[in-house]
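Tertiary structure, described
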Amino acid sequence: MMGAAIPMNQRQIRQRAKSNNPKPMRWSLFVLGALIFILSSWSLFFIHLDVINGTHNPHNEHVQLRKKDISRSSTAQLNSEVYQPPSPNNTAARRLITYRRTGGRLNNQIVQFIGSLQHAKVLKRTLVVPDERVAVEWTGMIDSAFDIWDLSSLNESYDIDWKSGLETSSSEMQIPKQCQLNKRQRAELLKGGPSLWKEWDAKCPDILDLGRELPFCGKKHQFCGDDEAQREAHWIYEHIKLSSFMQRLMPPREQLAIHSRRAGEGGYDWELCIDGNKQVCKDHVPRCDWHKYCNERTMRGNCAIWSDLSYQIKSKSAWKKDQKDYRFVLASDGTHDWSADFNGQYAMVNSTTWLEHMNTLAQEMMNGGQILQESLGISKFARRRMKKQDCGLSDLHGIMFQSSSTILEMFSLVNSDYFVGGYYSTFSLNACYFRGLHRTRDSNMCWMLIHPGTEYAIPPSVDGLINIPSEDAVEDMPLTLMNDVEHAFVRSSDGRFVAVDRYRFQYQKSGGTNYPTYVGVLGEGEVPMHFEKSANGSEVPTADFSCSMGKQVDTKATIHLIPERGGGNGIKANAPVSRKMFIVCEDLDFDNNISIQPPLTLKSPDNTFSLNIGSSFVRPRNKPRRSDASISQELILCLAPVHGMYDAKWLIEYLEHHKAVGVSHVHVYNVDMHTPELLAVLQDYRQKGFITRHDWSAKGSVGYTIRRNTDYAA
């Protein structure tokens, strides 16, 4: 009211002064001041009365302020003002909109839900949320009794139908084929404006199906539509909250928060992460600034952030001269053993309390005679997993652990002052969205991905930046970033055993007919064990520790010792053994429905020995199908860790020799071949796809390979 009244009175006063009094406008200024004072007093008085009566809504004020942020001319109307379809109350049309779920896991599901709700809001329709049928689709939003989310504000602010999309009701939706949008139609829908929307209203008055694509248009990670429509998507995030129970599990707020994702998602190829980073960065930053923000070190270091943390921080306020001064909240996606370099400097969320809370709730319901499938389950997936009443929630534990941990980790990143995330990650992207438009500058990458209304991102002020290279800067790449595989390298609690990594593999036992998936650990050192006599009289090593993973606790561990080069184990019975070994956890079930497996724990009964590996499972490179005849001709060479080589010509000669005799691929375990010439040779062969580089240096292996012993190749 004030903003509209003051300019009007100013014009009136000036016109009156100009026509009646050509002298200085002392009286006019006095009258103007009096009017401003009166209007201000009355506005404050009415606001005060609203607060007393409980009718003042700060959120509505916030919405009005946000609307003013949308760039438009003083005369143009917003699309939301121009587009006025008939109200569902005044027409027989149902005016619904829905989508089909993408194949991605939790964060993709959230993004797709937000984008679909954005379309519903802009097109002034009701969103029908589709059912969750399989594990990767489960978000806990439909199954509200699981007490993960607080969606009360969301449901009050938007038209959402959580019931009609369930399996029991979806058959009644009957979506005509012409109302099922293809990829091109969906991408053009919000950009088309009111005229196109009215055409779709005439063609599909009842329901529109957005399909299964993620709701991004144009640049990667950009929501569809004009400035107003894009901002609408961001505002939806403000209404999605954690339940009060989950909020109590949040770690204390820290200045810094880090999302660490494993390069290549646990595979051997970093290019999935590095190339993805480059694609995202170059899509949002103008070419003239690529050298500043899309440089090789930033892109590569972001895929192994534990090796290059200080450089990944781009804000002077968050950067520390000494790495030991960092205090941060960590969401690791189960990647690196951060305690090796940052022990005691970070906090991580733990959803175990919530899992116990849900198990207790389920048990109380069963004791009271309630059927879990009916009392807790709403989605098809949850109801199917609770079909066995006597099992309680045990068939849901895997996805419950993964989803609750992911959600808590994401919100722990939201609370920090400065956020370091992954450019090519929907997890980091969602953290940016939940942090809000007003906090995009407080991050290494949120400002880059979120810029509604502008073609390219607008970088933060140069005065507050650090680690931004000049155009002619030479890349100073840390050695640990010059490899293609990131192994876990985790030490046991007593420091006597180092696990290189955990693996999943398929093996057919003698007399078996199938190839079940097993979980194993490769490492070296001393573990609790004793020897027993086998049926043929030989001594067999027996583990005095167990394997646990998620809800599978204290399962059997089997030790397979790897013979020393040159023959003979040289093992003495009932003595501590310091050897290379492969530990197989035969009884652990690998849940293929879960993309991020729970940590694997090896632990002795007396707790004197324990080891925890949270990294993604290392998987083999993609290979041709077994029916491909060329697979039988493939020969792969694993070099023993290489050191002491300083002349590039010898490396070239060695690799070319093995290529000539038929070797198709070489794994190079690099201990100290770090001269510029040798690195250039390795890079050249890597680009040709002939070698895979493993960082076997002391830094890269947490001190495991500090001895230059040529016997230990993984």
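**Describing the overall build of the protein**
Helix and strand counts for the protein stand at 24 helices and 24 strands. Of all 714 residues assigned to the protein, the portion counted as buried reaches 48%. Within the protein, contacts between residues separated by at least 24 positions form 71% of all contacts whose residues are at least 6 apart in sequence. A total of about 34,900 Å² of accessible surface is found on the protein, and carbon and sulfur atoms cover 51% of it.

**Focus on the packing of helix α5 (residues 106–123) against helix α10 (residues 227–237)**
α10 packs onto α5 with a crossing angle of 125° between their chain directions and a minimal axis gap of 9 Å. As far as their axial angle goes, α10 and α5 are oblique. Judged by the twist between their axes, the crossing of α5 over α10 is right-handed. Along its contact with α5, which presents Ile110, Val111, Ile114, Leu117, Gln118, Lys121 and Val122, the element α10 presents Ala229, Gln230, Glu232, Ala233, Ile236 and Tyr237.

**Examining the pattern of salt bridges**
Scanning the model with the defined rule gives 15 salt bridges in all. When the shortest N-O distance is used, the salt bridge between Arg95 and Asp201 registers 3.1 Å. Linking Arg95 in the loop between α4 (79–82) and β1 (96–98) with Asp201 in helix α9 (residues 193–203), this pair joins segments that are 106 residues apart in sequence. Judged by its relative accessible area of 3%, Arg95 is buried. With relative accessibility at 13%, the residue Asp201 sits in the buried group. Ionic pairing is found between Asp289 and Lys292, a salt bridge with its closest N-O pair at 3.7 Å. Within the structure, one salt-bridge network assembled from shared partners comprises Arg95, Arg125 and Asp201.

**Examining the state of the cysteines**
Enumeration over the complete set of coordinates arrives at 6 disulfides. Note that Cys273 is cross-linked by a disulfide to Cys303, the S-S spacing being 1.9 Å. Looking along the S-S bond of the Cys273-Cys303 disulfide, the torsion reads about -95°, which is the left-handed sense. Of the two residues, Cys273 is situated in helix α12 (residues 271–284) and Cys303 in the loop between α14 (296–301) and α15 (309–312); the sequence distance between them amounts to 30 residues. Described in terms of the sequence order of its bonded cysteines, the disulfide pattern of the protein is 1-2, 3-4, 5-8, 6-7, 9-10, 11-12.

**Considering the sheet that holds strand β16 (residues 546–549)**
The strand order across the open sheet built from 4 strands is β17-β16-β20-β21, with neighbouring strands paired in antiparallel fashion. Of all strands in the sheet, those with a lone pairing partner are β17 (552–555) and β21 (610–613), marking the two edges. Strand-to-strand twist in this sheet, taken as the mean axis angle between neighbours without regard to direction, amounts to 15°. Sheet analysis places β16 next to β17, joined by 2 bridges and oriented antiparallel. Each bridged residue has a counterpart across the sheet, and for Met549 the counterpart in β17 is Gln552.

**Things to note about the sheet that holds strand β4 (residues 160–161)**
With parallel pairing, 4 strands are arranged side by side in an open sheet as β4-β2-β1-β5. Of all the strands in the sheet, just β4 and β5 (207–209) have a single pairing partner and so form its edges. Looking at chain direction, β1 and β5 are connected through 3 bridges and run parallel. Each bridged residue has a counterpart across the sheet, and for Ile97 the counterpart in β5 is Leu208. The strands touched by α5 are β1, β2 (126–128), β4 and β5; relative to β2, the strand with the most contacts, the crossing angle is about 150°.

**Observations concerning the nonpolar core**
Soluble globular proteins: nonpolar side chains tend toward being buried together. In terms of nonpolar packing, the biggest core is built from 98 residues, with Phe113, Phe146, Leu154 and Trp354 touching the most fellow members. Counting residues per element, this core draws most heavily on α5, which supplies 9 residues. Beyond its immediate stretch of four places on either side in the chain, Phe146 contacts Trp138, Trp354, Met358, Leu376, Met386, Leu393, Leu396 and Met400. Among the nonpolar cores identified, the runner-up in size contains 26 residues, and Ala488, Val490, Ile559 and Phe590 belong to it.

**Considerations on empty space enclosed by the protein**
All chains considered together, the criterion is met by 6 cavities of 30 Å³ or more. Of the voids in this model, the largest cavity is the one considered here, and its volume is about 100 Å³. Of the residues belonging to the lining of the largest cavity, the class tally is 3 nonpolar, 6 polar and 4 charged.

**Some thoughts on the packing of aromatic side chains**
Aromatic ring pairs are defined here through the distance separating the ring centres and the angle between the ring planes. Applying the stated criterion across every chain, the model contains 21 aromatic pairs. On the basis of an interplanar angle of 70° and a centroid distance of 5.1 Å, the ring pair of Tyr293 and Trp447 is categorised as edge-to-face. Taken together, the positions of Tyr293 in helix α13 (residues 290–293) and Trp447 in helix α22 (residues 446–449) put the pair 154 residues apart, joining distant regions of the chain. On the basis of relative accessibility, which here comes to 8%, the residue Tyr293 falls in the buried class. The rings of Trp149, Phe216, Phe223, Tyr237, Phe411, Tyr433 and Phe434 are connected pair by pair, giving a single aromatic cluster. The lysine or arginine in question, Lys203, covers the ring of Trp200, its NZ or CZ lying 4.1 Å from the ring centre. We note Lys659 situated over the ring of Phe690; from NZ or CZ to the ring centre the distance is 5.0 Å.

**Quick notes on the pairing of strand β13 (residues 517–526)**
For β13, a buried count of 8 out of 10 residues is recorded, marking the element as mostly surrounded by other parts of the structure. Bridge count between strand β12 (residues 497–506) and β13: 9 bridges; the pairing is antiparallel. Bridge assignment links Ala499 to a residue of β13, and that residue is Gly523.

**Let's talk about the pairing of strand β20 (residues 600–603)**
Here β20 shows one buried face, formed by Leu600 and Leu602, and one open face, formed by Thr601 and Lys603. In this structure, β16 lies alongside β20, joined through 4 bridges in antiparallel fashion. Bridge pairing in β20 links Ser548 to Thr601. Alignment of β20 against β21, held across 4 bridges, turns out to be antiparallel. The residue of β21 that forms the bridge with Leu602 is Leu611. A loop of 6 residues connects β20 with β21, the two strands running antiparallel in sequence, and Asn607 in this loop sits at a positive phi of about 65°.

Thresholds, definitions, all that
Residues numbered from 1 in each chain as written. Predicted model: local features only at pLDDT ≥ 70, side-chain atom pairs only at ≥ 80, totals over all residues. Heavy atoms only, no water. Helix = DSSP H or I, 4+ residues; strand = E, 2+ residues; numbered from the N terminus. Buried < 20%, exposed > 50% of the residue type's maximum accessible area, 1.4 Å probe, protein only. Contact = heavy atoms within 4.5 Å. Areas by Shrake-Rupley, 256 points an atom, 1.4 Å probe, with all protein chains shown as cover. Axes fitted to C-alpha atoms, helices over the stretch in contact; angles between N-to-C directions. Parallel < 35°, antiparallel > 145°, perpendicular 65-115°, else oblique. Left-handed = near helix turned anticlockwise from the far one by under 90°. Salt bridge = Lys/Arg side-chain N within 4 Å of Asp/Glu carboxyl O. Disulfide = S-S within 2.5 Å. Pairing = 2+ DSSP bridges. Core = buried A, V, L, I, M, F, W, Y, C linked by side-chain atoms within 4.5 Å. 1 Å grid on protein atoms, 1.4 Å probe; cavity = no way out; pocket = protein on both sides within 12 Å on 5 of 7 lines; lining within 4 Å. Points joined across faces, edges and corners; volume = space filled by probe spheres on them. Nonpolar A, V, L, I, M, F, W, Y, C, P; charged D, E, K, R; others polar. Phe/Tyr/Trp six-rings, centres within 6.5 Å; stacked < 30°, edge-to-face > 60°. Lys NZ or Arg CZ within 6 Å of the ring centre and 35° of its normal.

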